[in-house]
Amino acid sequence: MGSFPRSDQIADDAAINRIVPASEPGVLAPVRPSEAPDQLWEWLRLLNRRKALIVGCGLVAVALMALIIAQATPMYRASARLLLDTRTFKVVSTEAALSGVDTMNLGAIQSELEVIQSEFLIGRVVDKLGLANNPDFNGTKPPGFIDSAFAPLRELWATGISTLLAPAPKPQQAQPARSSRAAEESDPRRRAAIGAVAGGLNVTLLGRTYVILITVESPDGAMSARIANALAEAYLADQIDTKNEANRRATEWLEQRLAELRRNLQVAEEAVAAYRRDKGLAGSPEGTVSTQTLSELNGKYVAARTKRIEREARLVALSKASLNPGEIANIAEVSGNTTLAALRIQDVELNRKMAELSATLGDNHPKIMQARNELASVRARFLGETQRITLAVRAELDAAKAEEDELKELVDKAAVVSGTASQYEAEQKALEREAQSNRTLYESFLTRFKELREQQDIQRADARILAYAQPSGAPSSPNYKTGLMAAFVIGCLLGMAGAVAAEKLDRVFRSAAQVEDATGVGVLGMVPEVKGAAAQRSNVVTHVLENNTSPAAEAIRAVFTAISLGSLDRPPRVIAVTSSTPSEGKTTFVASLGGLLTKMNASRRVLIVDLDLRQARMLAALGLKDRGGTIDDYLMGLKTLEECTKRHENSGVDYILARPNTPNAPEILESHAMKAALATFSERYDLVILDGPPVMAVSDARIIARLADYTVFIVQWAKTPREVVKTAVNALLGVSSHVGIVINRVNLAKHARYGYGDHGDYYSRYRGYYGASSEPPAAGARPPLTLAKR
């Protein structure tokens, strides 16, 4: 089925509104209001109606998984734990040569996980535990039943399909003879053991910690623990070996580098000594003169010059003071001299004394004369002392000038010597710096070399074993519950896929809407299927007639109601019933329809005519044994209408049977006698029902449809192919414009799973409303009503 369409729920009276009047040129499907399909409900209904297929696939998958698990080898799992050391452990600074694992770098940690899973490390464990000789690992263990069953497929893949898909192999070049190590690595048993261990190995980080979980799975629980522990120990040993190897290589490189640096240092120091010797800088006074010495001489020269200027200033001051004795006291040499200070005091005292004497005595008074002589003597002594000081200052000035001249000569000479030696000194310093850098580099490498030599005996791994693996007593796989549950789920999923495929490939009709959309012809009704002991042809008619309120009976009456009220201007008197293929229930439908109409209204005259001249199964449908006169006898005038017409005892309907395999059936049906017979039937009966042959089998059905006022086309629910139905309906529409479709033998239980909301859904949901009962009416029950004839 391409989709899951739904139609509105239609009751009997609503079904009448879906029929186009018979006067119109054709009967088309009704126009339904567009509804947004509920995809979720459609999928749930699909799963519900295909649940047998889905559950069946799940059970088959469970059975296959149980067989595989029963043949599978139990596997045991063991786990060891390693802790990456996040602490820094370095005796000396050897980062460049011996850097450990950077535990802060996730990429470095992932690299360590790959190292643990490397073929090299697994190979060391295989060699240590002798797994190359263990049948559980070297591939020499006999395969189980499942492996043996799939061995031909694997061999076919390996030798055929994979060879076609794989690229062309490259030409092999001649290789030299391999060493014993290469031969060992090429051992197929060792390679198989490495592959087996690698296949059962899982190395992961434990959550957000630095704990590495090494999990090994193998057929032997104790061996799984041994392999996990051996891998952990091999990893730690490999770390130490790697560091020792790095230490050894670094030591060898440093030894070579030290020898080279030693030679460079020796060459640099010899170059400095030779330069000093060649330039005469070694032991020469001039060679010791440097810029600093020249600066010191300049400082002394400036100081001597300043001293000379100061002495000259003092001498000039003394010369001026000798002319003006009053200012001589302002000179520092005079003011600081005790002798001159005493003389100055005496001079002041004598001047005061003379002033006092001059006030009372004359100029020639002996006392005044004596005082004047004493004052002259004091001043003479003062002048002499001053001259002596002047001579001393002049001597100091001469000494300062001599010192200045000497220092100036030394500065000039030192400048000449320094200018010549500065260039030599710069070149010498360059050589000394180069020698010093070589010495520093040499000492640095020598220190590093000593550190590495000391580090050789204290190497440790960057991880430690946190917990050793212990043998497991219970197998880790196969997990019976998980395996069977997963198989059931996968099987159910495959079953769902199969259910969807079955729905998509479903080419039959299951609802009225599907029929109307495909054919363009309205559906008159849907007749439920009668199950149980009444499922036989004659029992079906008997069941419908006895249970006239059952869903099947109500559906058949609803079909006739739809036909009658759909053509109120000219009710059909002759109704032909046909189908596309045999065994779709058209004969049973005709017998039930005629019996119900007669039984429910005794005044209604109904005639059933069997025009299926090929099979003529009306006899079995009515439960009769004697065929009596047939329609061909009447048409050929062999018997009268009264002789050919019989009445059914249970329903009271009249019928005319046919003879099977009647020759020249199309000619009989197209004859004037047939048309005259139908006219006669229409005059005597209120309704004539013609049971015709299938449309696709013979051409008789189209002839009968052209003779009838209305044609009912029977489609068996969920059986008749869509293409066949469309072809047959198109053939009928070519000869008659009044065609209606009845979907027959609807399985109400299965139809309810689709939820189409049509007649079948109504009969399934509300079958209790009809009060169907197979019990016969009790004695004294009210007889059926008899309607007056119109």
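1. Observations concerning the overall build of the chain
Part 1: A count of helices and strands for the chain gives 29 helices and 12 strands.
Part 2: Sequence-distant contacts, at least 24 apart, represent 83% of the contacts inside the chain between residues at least 6 apart.
Part 3: Carbon and sulfur atoms make up 55% of the accessible area of the chain, which amounts to about 43100 Å² in all.

2. A few points about the pattern of salt bridges
Part 1: Following the criterion strictly, the structure yields 31 salt bridges and no others.
Part 2: Between Asp-462 and Lys-243 there is a salt bridge, and its shortest N-O distance comes to 2.8 Å. Here Asp-462, found in the loop between helix 15 (366-455) and strand 4 (463-467), pairs with Lys-243, found in helix 10 (residues 221-279); they are 219 residues apart in sequence, far enough to count as distant.
Part 3: The buried category is assigned to Lys-243, whose relative accessible area is 13%.

3. Quick notes on the pairing of strand 6 (residues 574-579)
Part 1: Most of strand 6 is tucked away, with six of its six residues classed as buried.
Part 2: Burial along strand 6 is two-sided: Val-574, Ala-576 and Thr-578 facing one way and Ile-575, Val-577 and Ser-579 facing the other are all buried.
Part 3: Across four bridges, the pairing between strand 6 and strand 10 (residues 687-691) is parallel. Looking at strand 10, one finds that Ala-576 is bridged to Leu-690.
Part 4: As paired strands, strand 6 and strand 11 (residues 710-716) are joined by five bridges and run parallel to one another. Its bridge partner being in strand 11, Thr-578 is matched across the sheet by Phe-713.

4. Section: a nonpolar patch on the surface
Part 1: A grouping of Met-485, Val-489, Leu-493 and Met-496 is seen on the molecular surface, where their side chains present a nonpolar patch of about 350 Å² in accessible area.
Part 2: The class of Leu-493 is partly exposed, set by a relative accessible area of 48%.

5. Overview of a negative patch on the surface
Part 1: On the surface, Glu-403, Asp-405, Glu-406 and Glu-409 cluster together into a patch of negative charge.
Part 2: Overall, Glu-409 belongs to the exposed group, its relative accessible area being 57%.

6. A closer look at the packing of helix 2 (residues 39-49) against helix 16 (residues 480-504)
Part 1: Axis separation between helix 2 and helix 16 bottoms out at 10 Å; the angle between their running directions is 105°. Between helix 2 and helix 16, the angle falls in the class roughly perpendicular. Between helix 2, through Trp-43, Leu-46, Leu-47 and Arg-49, and helix 16, the contact on the second element is made entirely by Met-496, Ala-499, Val-500 and Glu-503.

7. A closer look at unusual backbone geometry
Part 1: Following Ser-477, the chain continues into Pro-478 via a peptide bond in cis, with omega recorded as 0°.
Part 2: Mapping Pro-478 onto the fold places it in the loop between strand 4 and helix 16.
Part 3: A positive phi angle is found at Ala-616, which is not glycine, with a value near 55°.
Part 4: Mapped onto the elements of the fold, Ala-616 is located in the loop between strand 7 (606-610) and helix 21 (618-621).

8. Considerations on the sheet that holds strand 4
Part 1: Here we have four strands laid out as an open sheet, ordered 2-3-1-4, and antiparallel in their pairing. On the outer flanks of this sheet lie strand 2 (201-205) and strand 4, each paired with one strand and no other. Going across the sheet, the axis of each strand differs from the next one's by a mean of 25°, ignoring polarity.
Part 2: Bridge count between strand 1 (residues 76-84) and strand 3 (residues 211-218): eight bridges; the pairing is antiparallel.

9. Some details on the packing of aromatic side chains
Part 1: The full count for this structure, using the stated rule, is two aromatic pairs.
Part 2: Ring geometry for Trp-253 and Phe-445: centres 5.8 Å apart, planes at 50°, overall tilted. Taken together, the residues Trp-253 in helix 10 and Phe-445 in helix 15 connect sequence positions 192 residues apart.
Part 3: Overall, the relative accessible area of 17% leaves Phe-445 in the buried class.
Part 4: When the ring centre of Phe-445 is taken as origin, the NZ or CZ atom of Arg-257, which lies over that ring, is 5.8 Å away.
Part 5: We note Arg-510 situated over the ring of Trp-717; from NZ or CZ to the ring centre the distance is 5.6 Å.

10. Some words on helix 20 (residues 586-600)
Part 1: The end-to-end C-alpha separation of helix 20 is 21 Å, in line with the 21 Å expected for 15 residues at 1.5 Å each.
Part 2: Counting buried positions over the 15 residues of helix 20 gives 13, a clear majority of the element.

11. Looking at the environment of Glu-432
Part 1: Mapped onto the secondary structure, Glu-432 falls in helix 15.
Part 2: In contact with Glu-432, not counting residues within four places along its chain, are Val-272 and Arg-276.

12. Some remarks on the sheet that holds strand 11
Part 1: Across the sheet, which stays open at both edges, the eight strands sit in the order 5-12-11-6-10-7-9-8 with mixed pairing between neighbours. The outermost strands of the open sheet, each flanked by one partner alone, are strand 5 (523-528) and strand 8 (646-647).
Part 2: Relative to strand 10, strand 7 is paired through five bridges, and the arrangement is parallel. Bridge pairing in strand 10 places Val-609 opposite Leu-690.

13. Let's talk about the nonpolar core
Part 1: Membership of the largest hydrophobic core comes to 38 residues, with the highest contact counts inside it found for Leu-524, Ile-575, Val-577, Phe-589, Met-618, Val-712 and Val-742.
Part 2: Broken down by element, this core gets its largest block of residues, eight residues, from helix 19 (residues 551-565).
Part 3: Sequence-distant contacts of Ile-575, defined by excluding residues within four places in its chain, comprise Phe-560, Ile-563, Leu-687, Val-688, Ile-689, Leu-690, Ala-708, Tyr-710 and Val-712.
Part 4: Among the nonpolar cores identified, the runner-up in size contains 36 residues, and Leu-82, Val-126, Ala-225 and Ile-465 belong to it.

14. Observations regarding the state of the cysteines
Part 1: On inspection of all chains with the given rule, the structure shows zero disulfides.
Part 2: Cysteine Cys-57 remains unbridged, with the sulfur of Cys-492 as its closest cysteine sulfur at 8.1 Å.
Part 3: According to the relative accessible area criterion, Cys-57 is partly exposed, its value standing at 26%.

15. What to know about the side chain of Asp-612
Part 1: Mapped onto the elements of the fold, Asp-612 is located in the loop between strand 7 and helix 21.
Part 2: Here Asp-612 is in contact with Lys-586, Ala-658, Asp-691, Gly-692 and Pro-693, once residues within four sequence places are set aside.

16. Describing the packing of helix 17 (residues 512-519) against helix 27 (residues 722-733)
Part 1: As a packed pair, helix 17 and helix 27 sit with axes 10 Å apart at the nearest point and diverge in direction by 55°. Taken as axis vectors, helix 17 and helix 27 run oblique relative to one another. Handedness of the helix 17/helix 27 crossing: right-handed. Touching Gln-514, Ala-518 and Thr-519 of helix 17 are Arg-722, Val-725, Lys-726 and Val-729, all from helix 27.
Part 2: Taken together, the residues of the contact of helix 17 with helix 27 sort by class into three nonpolar, two polar and two charged.

17. Points about the confidence of the model for the chain
Note: predicted coordinates in regions of low pLDDT should not be interpreted at a detailed level.
Part 1: With 77% of its residues at a pLDDT of at least 70, the chain reaches an overall mean of 79.
Part 2: Here residues 772-782 is modelled with pLDDT under 50, and outside its nearest four sequence neighbours on either side it reaches five contacts, counting other chains as well.

18. Quick look at the pairing of strand 2
Working note: regular strand, side chains alternate between the two faces of the sheet.
Part 1: Here strand 2 runs beside strand 3; their pairing, made up of five bridges, is antiparallel. Looking across to strand 3, one finds that Asn-202 is bridged to Thr-215.
Part 2: Count of turn residues in the strand 2/strand 3 antiparallel hairpin: five residues, of which Gly-207 carries a positive phi of about 65°.

What counts as what
- Residues numbered from 1 in each chain as written.
- Predicted model: local features only at pLDDT ≥ 70, side-chain atom pairs only at ≥ 80, totals over all residues.
- Heavy atoms only, no water.
- Helix = DSSP H or I, 4+ residues; strand = E, 2+ residues; numbered from the N terminus.
- Contact = heavy atoms within 4.5 Å.
- Areas by Shrake-Rupley, 256 points an atom, 1.4 Å probe, with all protein chains shown as cover.
- Salt bridge = Lys/Arg side-chain N within 4 Å of Asp/Glu carboxyl O.
- Buried < 20%, exposed > 50% of the residue type's maximum accessible area, 1.4 Å probe, protein only.
- Pairing = 2+ DSSP bridges.
- Patch = residues over 30% accessible without salt bridge, like charges linked within 9 Å, V, L, I, M, F, W, Y side chains within 5 Å.
- Lys, Arg positive; Asp, Glu negative; His and termini not counted.
- Charge placed at Lys NZ, Arg CZ, Asp CG, Glu CD.
- Axes fitted to C-alpha atoms, helices over the stretch in contact; angles between N-to-C directions.
- Parallel < 35°, antiparallel > 145°, perpendicular 65-115°, else oblique.
- Phe/Tyr/Trp six-rings, centres within 6.5 Å; stacked < 30°, edge-to-face > 60°.
- Lys NZ or Arg CZ within 6 Å of the ring centre and 35° of its normal.
- Expected span 1.5 Å × (residues − 1).
- Core = buried A, V, L, I, M, F, W, Y, C linked by side-chain atoms within 4.5 Å.
- Disulfide = S-S within 2.5 Å.
- Left-handed = near helix turned anticlockwise from the far one by under 90°.
- Nonpolar A, V, L, I, M, F, W, Y, C, P; charged D, E, K, R; others polar.
- pLDDT = per-residue confidence, 0-100.

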